[in-house]
Amino acid sequence: MENGTRGFTKTGLSRLHDVLARHVESGRIPGLVALVSRGDETHVETIGTMRHDGGAPMRRDTIFRMASTSKPVSMAAAMILIDECRLRFDDPVQEWLPELADRQVLRRYDSPLDDTVPARRPITVRDVLTSTFGLGMDMTSLGTPIMNEIFSRGLTPNLPEPMPEPDEFMRRLGELPLMHQPGERWQYHISNDLIGVLVARVTGQPFETFLRERLFGPLGMTDTGFHVPADQIDRLPTLYAPDPQSGEFLVWDEAEGGRWSQPPAFPSGGGGLVSTVDDYHAYFRMLLNGGTHRGERILSRPAVELMTTNRLTPEQQAARHAMATDNVHISHGQGQHGGWGLGMAVRTFRGDYAPVGQFGWDGGSGTSSYADPANQLTGLLLTQVGASVPDPMRLMHDFWTTLYQALDN
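Rules behind the numbers
- Residues numbered from 1 in each chain as written.
- Predicted model: local features only at pLDDT ≥ 70, side-chain atom pairs only at ≥ 80, totals over all residues.
- Heavy atoms only, no water.
- Helix = DSSP H or I, 4+ residues; strand = E, 2+ residues; numbered from the N terminus.
- Rg over C-alpha atoms; globule rule 2.2 N^0.38 Å.
- Buried < 20%, exposed > 50% of the residue type's maximum accessible area, 1.4 Å probe, protein only.
- Contact = heavy atoms within 4.5 Å.
- Areas by Shrake-Rupley, 256 points an atom, 1.4 Å probe, with all protein chains shown as cover.
- Axes fitted to C-alpha atoms, helices over the stretch in contact; angles between N-to-C directions.
- Parallel < 35°, antiparallel > 145°, perpendicular 65-115°, else oblique.
- Nonpolar A, V, L, I, M, F, W, Y, C, P; charged D, E, K, R; others polar.
- Core = buried A, V, L, I, M, F, W, Y, C linked by side-chain atoms within 4.5 Å.
- Phe/Tyr/Trp six-rings, centres within 6.5 Å; stacked < 30°, edge-to-face > 60°.
- Pairing = 2+ DSSP bridges.
- Salt bridge = Lys/Arg side-chain N within 4 Å of Asp/Glu carboxyl O.
- Arc of directions from axis to C-beta.

> Before we go on, may I ask you to explain the overall build of the protein in this structure?
From N to C terminus, the protein includes 12 helices and 16 strands. Compactness check: the protein gives a C-alpha radius of gyration of 20 Å against a globular reference of 22 Å for 409 residues, within 12% of the reference. Structurally, the protein occupies a C-alpha span of about 60 × 50 × 40 Å along its principal axes. Counting over 409 residues, the protein shows a buried share of 59%. When contacts within the protein are restricted to residue pairs at least 6 apart in sequence, long-range pairs at least 24 apart make up 68% of them. As displayed, the protein has an accessible area near 15,800 Å², and 50% of this comes from carbon and sulfur atoms.

In structure tokens:
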């Protein structure tokens with residue numbers, strides 16, 4: 001075994017299977033694909049079906065909507081540009097995103113939109129990469145004028161209002177004040193969508209083209225992209241967002257004719273990718289390997305180290321932690337890791353079975369992807385149930401608990 005790690009115990013893997021199967025047999029999770037790897041040992045579970053009323057069985061090559069687990073992957077595009085000195089951390093970002101120049105900032109986060117003061121300084125590339133540029137999906141501020149405006153303008157995914165193409169997205173974003181001074185406070189998501197626009201403008205290529213040439217191609221991630229081609233659409237399960245009260249399986253997205261059946265107007269680095277367990281495994285193993293894949297360097301080691309270790313100051317951390325601990329009723333306990341690197345969570349304290357240093361993220365469509373350097377461990381759990389109910393998150397918690405019980409040392 002590489003790095004002297006052993007793999008998994010037979011008993012542990014058997015328990016992992018039983019725990020996952022129990023969730024499917026409960027009727028709350030139609031199907032799932034899970035992959036665990038350690039050293040050179042890889043184990044895959046495929047359980048259940050593509051639809052909640054039956055249909056084709058889940059397969060290892062089933063394509064899933066990755067939702068927010070897109071964030072750790074799309075961040076690599078920006079880091080490639082940092083590696084090549086085409087971007088610098090502390091350059092003002094307005095050179096490429098002029099819509100973000102000369103910002104106004106709300107006097108309080110819940111102020112009316114015209115109650116503002118000038119930004120103390122320009123927004124930098126670092127602010128965007130660390131999710132601290134001043135705007136985000138702040139679940140602790142729902143109902144404020146600024147959050148209502150973000151939703152009504154189609155600046156976030158998953159709403160009836162589809163996201164506009166990148167230039168129009170930037171125009172609409174540029175009309176809004178910031179909620180916080182640049183660099184002051186960690187806020188979720190919008191910065192990760194900005195990264196796609198930034199990469200496209202710096203490179204002069206569509207975001208997906210750059211990802212394909214520099215990341216997906218070299219890693220062999222042949223099934224990863226922002227939509228599913230028509231001849232592969234049967235590999236995409238129906239996505240459900242069950243009714244939070246009754247638990248009834250409501251279809252949130254059909255495969256054929258659905259949101260991922262054609263290229264989107266806005267390629268969302270924050271939540272738009274589709275992928276498979278093997279594609280994501282290649283990406284997270286590359287991070288565990290310090291940026292190389294089968295001898296080819298994809299990212300520099302320092303880039304990987306910055307992405308996968310905490311980047312937040314104690315003040316920024318406080319906001320990040322509040323989102324996790326004050327949102328348990330919505331997030332069902334996700335996000336309680338402490339830190340945030342670039343595009344992903346990083347464990348800075350031990351609150352469950354995973355050790356400090358584990359990195360990765362979860363998606364609201366029922367996806368979970370983490371790697372753990374201490375144990376040379378990668379785990380991926382993909383299902384088709386959205387987090388409108390606790391079931392997919394409880395499945396994730398049980399997956400990780402059981403996976404750590406299965407370690408052979």
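> Looking at this structure, I do not really get the packing of helix α2 (residues 70–83) against helix α7 (residues 207–219). What am I missing?
Two quantities define a packed helix pair, namely the angle between the helix axes and the distance between the axes. Between α2 and α7, whose axes approach to 10 Å, the crossing angle comes to 80°. Here α2 is positioned roughly perpendicular relative to α7, judged by the angle of their axes. Contacts between α2 and α7 involve Val73, Ser74, Ala76, Ala77, Ile80 and Leu81 on the former and, on the latter, Phe207, Phe210, Leu211, Arg214, Leu215 and Phe216. Classifying every residue of the contact of α2 with α7 by side-chain character gives 10 nonpolar, 1 polar and 1 charged.

> Explain the nonpolar core to me, please; I cannot follow it from the model alone.
One broad trend across soluble globular proteins is that nonpolar side chains are buried collectively. Ranked by size, the top nonpolar core spans 112 residues in total, and within it Met79, Leu129, Leu215, Tyr283, Leu287, Leu299 and Met307 carry the most contacts. Examining the composition of this core, we find that 9 residues originate from one element, α2, more than from any other. One finds Val228, Ile233, Trp260 and Val274 within the second-largest nonpolar core, a separate group that totals 7 residues.

> What is the right way to look at the packing of aromatic side chains in this model?
Aromatic ring pairs: the centre-centre distance and the angle between the two ring planes describe each pair. For the coordinates displayed, the defined rule picks out 14 aromatic pairs. Relative to Phe284, the ring of Tyr283 lies with its centre 5.6 Å away and its plane at 85°, an arrangement referred to as edge-to-face. With a relative accessible area of 0%, Phe284 lands in the buried category. With 6.4 Å between their ring centres and 15° between their planes, Phe284 and Phe359 make a pair best called stacked.

> Would you explain the pairing of strand β3 (residues 54–57) in this entry?
Strand direction decides the pairing type here: strand β2 (residues 41–51) and β3, joined by 2 bridges, are antiparallel. Within β3, the position partnered with Arg51 by the bridge is Gly54. Hairpin connection between β2 and β3: a loop of 2 residues separates the two successive antiparallel strands.

> Whenever I open this one, the pattern of salt bridges confuses me. Can you help?
Where charged atoms from two side chains of opposite charge approach closely, those side chains can pair. This model, assessed by the stated rule, comprises 27 salt bridges. In this structure, Glu99 engages Arg201 in a salt bridge whose closest nitrogen and oxygen atoms are separated by 2.9 Å. Note that Glu99 is positioned in the loop between α2 and β5 (104–106) and Arg201 in helix α6 (residues 190–203), a separation of 102 residues in sequence. Since its relative accessible area comes to 22%, Glu99 is described here as partly exposed. Given the relative accessible area of 26%, Arg201 is considered partly exposed. Between Glu168 and Arg171 there is a salt bridge, with its nearest N and O atoms 2.9 Å apart. Of this pair, Glu168 and Arg171 are both found in helix α5 (residues 166–174), 3 residues apart, which corresponds to roughly one turn of the helix. Exposure remark for Arg171: the relative accessible area of 41% places this residue in the partly exposed category.

> Help me out: how do you make sense of the sheet that holds strand β12 (residues 338–340) in this one?
One open sheet holds the 8 strands; their spatial order is β3-β2-β1-β16-β15-β14-β13-β12, and the pairing between them is antiparallel. The open sheet terminates on both sides in strands that have one partner only, identified here as β3 and β12. The mean angle between the axes of side-by-side strands here comes to 20°, regardless of whether they run parallel or antiparallel. Note: strand β13 (residues 345–347) against strand β14 (residues 359–363), 2 bridges, orientation antiparallel. Across the sheet, residue Val346 finds its bridge partner in β14, namely Phe359. Packed on one face of the sheet, helix α8 (residues 277–288) meets β1 (31–38), β2, β14, β15 (367–372) and β16 (377–383) and runs near 150° to β16.

> How should helix α4 (residues 145–152) be read in this particular structure?
Residues three or four positions apart in an α-helix share a direction because the helix packs 3.6 residues into each turn. Within α4, burial applies to Ile146, Met147 and Ile150. Burial along α4 is one-sided: seen end-on, the buried residues are contained in an arc of 100°. Downstream of α4 by one or two residues, Gly154 has phi in the positive range, about 70°.

> What am I meant to see in the packing of helix α1 (residues 10–25) against helix α12 (residues 391–405) here?
Running from N to C, α1 and α12 point in directions that differ by 170°, and their axes come no closer than 8 Å. Viewed along their axes, α1 and α12 adopt a mutual orientation that is roughly antiparallel. Residues Gly12, Arg15, Leu16, Val19, Leu20 and His23 of α1 lie in contact with α12, whose contacting residues are Arg394, Leu395, Asp398, Phe399, Thr402, Leu403 and Gln405. Partitioned by chemical class, the residues of the contact of α1 with α12 number 6 nonpolar, 4 polar and 3 charged.

> Looking at this model, I keep getting lost on the pairing of β2. Mind explaining?
Regular strands have side chains that alternate between both faces of the sheet. Of the strand pairs in this sheet, β1 and β2 are connected by 8 bridges, and their pairing is antiparallel. Across the sheet, Val33 pairs through a bridge with Thr46, a residue of β2. If you look at the hairpin formed by β1 and β2, you'll find 2 residues sitting between the two strands, and Gly39 has a positive phi there, around 55°.

> Looking at this structure, I do not really get the environment of Thr42. What am I missing?
Inspection of the secondary structure puts Thr42 in strand β2. Owing to a relative accessible area of 38%, Thr42 belongs among the partly exposed residues under this scheme. Counting along the chain gives 34 residues from Thr42 to Phe8, while the straight-line C-alpha distance between them is 9.3 Å. In contact with Thr42, other than residues within four places in its own chain, are Leu35, Val36, Ser37, Arg60 and His281.

Any link to function would need more than the numbers given here.
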